[in-house]
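Each chain, written out:
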Amino acid sequence: MEKEFLKSIFELILFKQTIFKNLHLLTSAMEKKTALITGITGQDGSYLAELLLNKGYLVYGLVRRSSTEATTERIDHLLKDVHESGARIFRHYADLTDTDSIISSLMKIKEETKKLPDEIYNLGAQSHVRISFDTPIDTSDIVGLGALRMLRAIKLICPETKFYQASSSEMFGDVIETPQSEKTPFNPLSPYACAKVFAFNITKMYRNAYGIHASNGILFNHESERRGVNFVTRKITRGLARISLGLQDKIFLGNLESERDWGHSKDFVNAMWLILQQDKPDDYVIGTGEKHSVREFLEETAKCLGMNINSNGEKGVNEKYIDENGKVIVEIDPHFFRPLEVKTLLANPEKAKKILGWEPKIKFKELAQLMTEHDFKLAETEAYLKNRKRSW
């Protein structure tokens with residue numbers, strides 16, 4: 001009888017401990033801020049996820065399902081099995097073209113954390129400007145209507161949630177003035193830019209009409225070691241690194257005269273976070289305030305690699321870059337020119353500096369160096385594996 005009594009007491013203690021443990025976990029989850037990121041597997045999404053995790057957030061990312069499993073290469077180092085203790089980043093399958101999947105994801109987050117997200121960062125997009133001319137309808141649906149679907153879901157389910165819309169300097173297009181500020185009129189020159197203008201305006205409309213804390217970050221070009229290889233900066237750093245080690249012969253580029261305001265994605269995602277920490281929603285231009293041409297980026301990359309390359313002096317499609325051995329390593333391909341070219345984009349980020357206290361830490365030359373060193377290391381590994389003899 002005494003043993004049974006002691007056993008019952010012991011089981012009661014264990015039961016209470018389990019309750020207190022679960023209550024502690026639930027309370028902890030409710031105390032942490034929760035963020036939802038669309039486009040979490042992209043360049044900006046991965047850096048933003050890192051930033052938020054370092055600030056103690058629970059992070060949810062929307063991943064688009066496809067027949068080939070969505071790549072998580074950029075966030076693999078952050079992921080844990082959801083059953084492991086300490087897991088603070090989670091993926092939900094959803095699509096910006098499917099309102100139901102967005103709503104379903106928000107409800108799952110509420111079910112898992114007992115609250116709706118504190119912040120939503122809408123970074124998901126078909127973000128390649130040149131490709132948007134080939135896929136204008138798909139681009140517009142994802143980039144433009146995708147933002148509207150997110151905002152409508154917020155209005156219906158979580159109107160207290162703060163919303164960040166990733167707007168783009170491409171909206172300025174054929175620029176009316178230089179540099180461009182929050183007051184500069186938009187003059188878009190691509191389907192991507194037109195879709196971004198719609199997303200920008202619908203974000204402002206929902207802010208003004210429904211009182212949602214919805215803000216736009218008008219981000220100028222921002223690159224990194226995680227940039228997709230079909231973007232010009234990464235095409236240059238990766239291509240020249242491989243050429244320097246004999247892994248490929250040449251690269252093909254488009255318009256070398258385009259001028260952009262280039263910064264690092266790490267700096268820019270910090271600006272995104274700062275925008276949503278403000279008491280009042282607003283729109284901000286984010287950039288370095290410096291402009292450089294594609295040609296300058298090409299030559300700076302070559303310099304970082306110790307490559308001596310020179311133009312043949314021609315302009316347009318007949319231009320070539322030749323190395324010190326007389327070998328052509330850069331050619332111009334008309335396919336990479338846009339039907340309408342944006343010549344110059346340059347940010348006036350004074351508002352962000354004044355109100356957000358934001359300034360970029362990484363400028364043009366350091367950006368090129370970081371990307372080049374990263375791609376050279378990858379090329380070295382590739383060369384080693386290619387030349388290694390099989391030992392079995």
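Scoring rules and cut-offs
Residues numbered from 1 in each chain as written. Predicted model: local features only at pLDDT ≥ 70, side-chain atom pairs only at ≥ 80, totals over all residues. Heavy atoms only, no water. Helix = DSSP H or I, 4+ residues; strand = E, 2+ residues; numbered from the N terminus. Buried < 20%, exposed > 50% of the residue type's maximum accessible area, 1.4 Å probe, protein only. Contact = heavy atoms within 4.5 Å. Areas by Shrake-Rupley, 256 points an atom, 1.4 Å probe, with all protein chains shown as cover. Polar contact = N/O pair within 3.5 Å; in protein donor to acceptor, adjacent residues only side chain to side chain. Pairing = 2+ DSSP bridges. Axes fitted to C-alpha atoms, helices over the stretch in contact; angles between N-to-C directions. Expected span 1.5 Å × (residues − 1). Parallel < 35°, antiparallel > 145°, perpendicular 65-115°, else oblique. Left-handed = near helix turned anticlockwise from the far one by under 90°. Nonpolar A, V, L, I, M, F, W, Y, C, P; charged D, E, K, R; others polar. Phe/Tyr/Trp six-rings, centres within 6.5 Å; stacked < 30°, edge-to-face > 60°. Lys NZ or Arg CZ within 6 Å of the ring centre and 35° of its normal. Core = buried A, V, L, I, M, F, W, Y, C linked by side-chain atoms within 4.5 Å.

A. Layout of the overall build of the protein. If you tally the helices and strands in the protein, you get 11 helices and 15 strands. Here the protein holds 392 residues, and 49% of them are scored as buried. Here the contacts in the protein between residues at least 6 apart in sequence split such that 77% fall between residues at least 24 apart. Here the protein has roughly 19,700 Å² of accessible surface; of this, 52% comes from carbon and sulfur atoms.

B. Structural detail: the side chain of His264. Looking at the element boundaries, His264 is found in strand E10 (residues 263–264). The class for His264 is buried, based on a relative accessible area of 1%. Of note is the side chain of His264, whose polar atom sits 2.9 Å from the side chain of Glu225. Of the polar contacts made by the side chain of His264, one reaches the backbone nitrogen of Lys266; its length is 3.0 Å. Beyond its immediate sequence surroundings of up to four residues, His264 is in contact with Tyr47, His222, Glu223, Ser224, Glu225, Ile362, Leu367 and Leu370.

C. Local environment of the sheet that holds strand E1 (residues 34–38). Overall, parallel pairing links the 7 strands, which are arranged E3-E2-E1-E4-E5-E6-E11 in an open sheet. For this open sheet the edge positions go to strand E3 (89–93) and strand E11 (283–286), each flanked by a neighbour on one side alone. Between one strand axis and the next, the sheet turns by 20° as a mean value, whatever way the strands run. Along the sheet, helix H2 (residues 43–54) contacts E1, strand E2 (58–63), E3 and strand E4 (119–122); its crossing angle with E1, the most-contacted strand, is approximately 175°.

D. View of helix H7 (residues 232–244). Given a rise of 1.5 Å per residue, 13 residues ought to cover 18 Å, and the 18 Å separating the end C-alpha atoms of H7 matches this to within 8%. The buried count for H7 comes to 10 of 13 residues, which makes it a mostly enclosed element. Taken together, the buried positions of H7 are occupied by Thr233, Arg234, Lys235, Ile236, Thr237, Gly239, Leu240, Ala241, Arg242 and Ile243. Buried residues in H7 make contact with strand E7 (222–223), strand E8 (251–253), helix H9 (294–304), strand E15 (328–332) and helix H11 (364–387).

E. Geometry of the packing of helix H3 (residues 99–113) against helix H5 (residues 136–157). The N-to-C vectors of H3 and H5 enclose an angle of 45°; their axes lie 10 Å apart at closest approach. Judged by the inter-axis angle, H3 sits oblique to H5. Here H3 runs over H5; the crossing is right-handed. Only Arg149, Met150, Ala153 and Ile157 of H5 make contact with H3, whose side of the interface consists of Thr99, Ile102, Ile103, Leu106 and Met107. Looking at the contact of H3 with H5, its residues break down into 7 nonpolar, 1 polar and 1 charged.

F. Quick look at the packing of aromatic side chains. One pass over the structure, following the stated rule, counts 9 aromatic pairs. Relative to Trp358, the ring of Phe268 lies with its centre 5.7 Å away and its plane at 85°, an arrangement referred to as edge-to-face. Residue Phe268 is located in helix H8 (residues 265–276), and its partner Trp358 is located in the loop between helix H10 (350–356) and H11; the two are separated by 90 residues in the primary sequence. When its relative accessible area of 0% is taken as the criterion, Phe268 is described as buried. Assessed through its relative accessible area of 1%, Trp358 is described here as buried. Taken together, the aromatic side chains of Phe172, Phe186, Phe200 and Phe220 make up a single cluster linked through ring pairs. One Lys or Arg, Arg227, reaches over the ring of Phe231 and ends 3.9 Å from the middle of that ring. Just above the ring of Phe336 sits the side chain of Lys235; from NZ or CZ to the centre is 3.6 Å.

G. A look at the nonpolar core. In terms of nonpolar packing, the biggest core is built from 31 residues, with Ile37, Leu48, Leu52, Val59, Tyr121, Tyr164 and Ile286 touching the most fellow members. For this core, the secondary structure elements donating two or more residues are E1, H2, E2, strand E5 (162–168), H8, E11 and H10. Here the element with the most residues in this core is H8; it accounts for 8 residues. Discounting residues that sit within four places of it in the chain, Val59 has contacts with Ala35, Ile37, Ile40, Ala49, Leu52, Leu53, Arg88, Ile89 and Phe90.

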